[in-house]
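# Observations on chain architecture
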Amino acid sequence: MADKHGPVLQNKLAERLFQGYFTDGLYPDIPNLMTIVKDYDEINATELQQLLENRNSEQEVIQEARSYTQYVQGVPHFVINNQHALSGAQDPQAFMQIFNKCN
């Protein structure tokens, strides 16, 4: 849902979710997620709650998450354009090489 609002909002939400989970001890269940997003006017809370409560795509999400665990070899792990991956600490030049390949 945040993807239609661009990377700035995505980054803000990611930071807030990390803070909620790792600092505040909030498990990312539906009530806690709804509490977090009420601070963001760009997100339609009703639409989000319906999306979260609709379990039709649950198995698809679980399968996608499992597919990532098969090839993540280090942390951090970056996937670029679903074609290239970097694991662990990398020099900026490694990213530049991949970005240049993607153009």
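In case you missed it, the structure is sitting above this.
Residues numbered from 1 in each chain as written. Predicted model: local features only at pLDDT ≥ 70, side-chain atom pairs only at ≥ 80, totals over all residues. Heavy atoms only, no water.

## What about the nonpolar core?
- Core analysis: the biggest nonpolar cluster contains eight residues, these being Leu9, Leu13, Met34, Ile36, Val37, Tyr40, Ile43 and Leu48.
- Put simply, the parts of the chain that give this core at least two residues each are α1 (7–23) and α2 (30–37).
- Broken down by element, the residue count for this core peaks at three residues, all from α2.
- Discounting chain neighbours no more than four positions away, the residues touching leucine 9 are Tyr40, Glu42 and Ile43.
- Ile80, Leu86, Phe95 and Ile98 belong to the second largest nonpolar core, which has five residues in total. (Core = buried A, V, L, I, M, F, W, Y, C linked by side-chain atoms within 4.5 Å. Buried < 20%, exposed > 50% of the residue type's maximum accessible area, 1.4 Å probe, protein only. Helix = DSSP H or I, 4+ residues; strand = E, 2+ residues; numbered from the N terminus. Contact = heavy atoms within 4.5 Å.)

## Description of the pattern of salt bridges
- Tallying each qualifying case throughout the model produces two salt bridges.
- In this structure, arginine 16 and aspartate 24 form a salt bridge, with 3.5 Å as the shortest nitrogen-oxygen distance.
- The closest approach of N and O atoms between glutamate 58 and arginine 55, which form a salt bridge, is 2.7 Å.
- Overall, glutamate 58 belongs to the partly exposed group, its relative accessible area being 31%. (Salt bridge = Lys/Arg side-chain N within 4 Å of Asp/Glu carboxyl O.)

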